[in-house]
Amino acid sequence: MRKISSKLIMKDERQITMLVKGVPVTIMNSVRRAAISLVPTIAIDKVYVFENTSVMNDQMLAHRLGLIPLNTPKNKYKTKEEHDCEGECPECTVYLYLKAEAMDDHVIVKSGDITSDDPDVYPIYSDIEIVRLAPGQKIELTMSARMGRGWEHAKWSPVTVAVVRGEPKVRIFHNKCDLCGECVKVCPKNILKIREDKLIVTDIYKCTTCMLCVDSCPKEAIKVDIDENNSLIYMESVGSLKAEDILVSAFDEIIRKMKEFTKAVKGE
Amino acid sequence: MEDQVPEEENRRLIGDLNMMIPVRCFTCGNVIGDKYSKFMEAVNKGIDPKEALDELGLNRYCCRRMILSHVNIIDQFILYEMVRLKDAQDI
């Protein structure tokens, strides 16, 4: 068996890049897919409209509200499959309220105006513009937010972009290279540099394997390969979960599915 | 319509920076709903649109086109609504 080793390349609240050596791209792709469609988050699902005299119709309003990312507390709410309930129960649902009226001036209703029953469930971005009210217009809504998964609707998907690709490998043949600098000029990510009479690659993980350096080199002194036996995974969070938590829960979801499968095989 | 909607009201509606933009980018799902007014503010200050977009963290061209190619229509709807409200008051 091949040895597996992981290396964290870049991480912040929103993004994570990891190099997983020994796991082929085809296997790592299942983690990417789990992150997109299986990791549960919380989002507004139903909107009860008590009053809406704005120019935006109810469906459009509900659609916009559904897309607002909400902070998802860990292990607090259950998904549909985890428990039996007739749609809405305190174990899976949080109620949020939005009430706004324009008196003398125009009012822009923002996601920050939404109040919640649970202080842990709130819109992460408070400046998202929901609707604009002209003087005299009014909206009054109650929303129910519940746990869901990306395969039900994209609003529950915790990631914007999730990419898996092979590890880029740039080989430089120093005996052929005459330091003409053509490849340095042409590289769109500016990762090739000439330092101390030597051509070097500064940040290999930024390489998109576009091959422009290979095409530009008159001496054929540079070669770019993609090693699909090691995978490079990049994820960007919408905001409802931290990027690292998404990656961990994606693994958890795969393990959960594997356990279900093993049970089925054993006939339990 | 020009007689019915006060001129200053009209000007204010058109000159306003806050517009209704889709909440998410159509392609990648990144949140852009809170970024349009920030972008317009920066551009009105004289900052290069390219730099303003970079500052907002919109790196992909799918999110960039959402902001750059946005056409606001809610103001036009509101104008009709204003006329209707004004008519109702007159009656």
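Residues numbered from 1 in each chain as written. Chains lettered and ligands numbered in written order. Predicted model: local features only at pLDDT ≥ 70, side-chain atom pairs only at ≥ 80, totals over all residues. Heavy atoms only, no water.

S.K.: Requested: an account of the interface of chain A and chain B, with residues and values cited.
M.R.: On the side of chain B, 27 residues touch chain A, which itself brings 26 residues to the contact. Roughly 2,300 Å² of surface becomes buried between chain A and chain B when both sides are summed, with 57% attributable to carbon and sulfur atoms. Counting the surface chain A buries against chain B, the share from its top three residues, Val55, Glu129 and Arg132 of chain A, is 29%. At the boundary of chain A with chain B, the tally comes to two salt bridges. Taking the shortest distance from any N to any O, the salt bridge between Arg60 of chain B and Glu236 of chain A comes out at 2.9 Å. (Contact = heavy atoms within 4.5 Å. Buried area = accessible area lost by both parts, 1.4 Å probe. Salt bridge = Lys/Arg side-chain N within 4 Å of Asp/Glu carboxyl O.)

S.K.: Requested: an account of the pattern of salt bridges, with residues and values cited.
M.R.: Residue and element names in this part refer to chain A. For the structure on display, the rule yields 27 salt bridges over all chains. Across the pair Asp225 and Arg171 runs a salt bridge whose closest N-O atoms are separated by 3.0 Å. Linking Asp225 in strand 12 (residues 222–237) with Arg171 in strand 9 (residues 159–172), this pair joins segments that are 54 residues apart in sequence. A salt bridge links Glu253 to Arg256; the nearest nitrogen and oxygen atoms lie 2.8 Å apart. With Glu253 and Arg256 both in helix 5 (residues 243–266) and three residues apart, the pair spans about one turn of that helix. What makes Glu253 buried here is its relative accessible area of 9%. (Helix = DSSP H or I, 4+ residues; strand = E, 2+ residues; numbered from the N terminus. Buried < 20%, exposed > 50% of the residue type's maximum accessible area, 1.4 Å probe, protein only.)

S.K.: Explain the layout of surface pockets residue by residue, including any values.
M.R.: Over the atoms, a rolling probe the size of a water molecule traces out where space has been left empty. Approximately 740 Å³ is the volume found for the largest pocket. Taken together, 18 residues line the largest pocket, and the ones lying closest to its centre are Arg165, Lys189, Tyr205, Lys206 and Tyr234 of chain A. The set of elements that each furnish at least two residues to the lining of the largest pocket consists of strand 1 (5–11), strand 2 (15–21), strand 9 and strand 12 of chain A. Per-element tally for the lining of the largest pocket: the top contributor is strand 12 of chain A, with four residues. Of the volumes computed, that of the second largest pocket is approximately 590 Å³. If you go around the second largest pocket, you meet 33 residues; those closest to its centre are His63 and Leu67 of chain A together with Pro22, Val23 and Phe26 of chain B. Secondary-structure elements contributing two or more residues to the lining of the second largest pocket are helix 1 (25–37), helix 2 (58–66) and strand 9 of chain A together with helix 5 (74–90) of chain B. For the lining of the second largest pocket, the class distribution of residues is 20 nonpolar, ten polar and three charged. (1 Å grid on protein atoms, 1.4 Å probe; cavity = no way out; pocket = protein on both sides within 12 Å on 5 of 7 lines; lining within 4 Å. Points joined across faces, edges and corners; volume = space filled by probe spheres on them. Nonpolar A, V, L, I, M, F, W, Y, C, P; charged D, E, K, R; others polar.)

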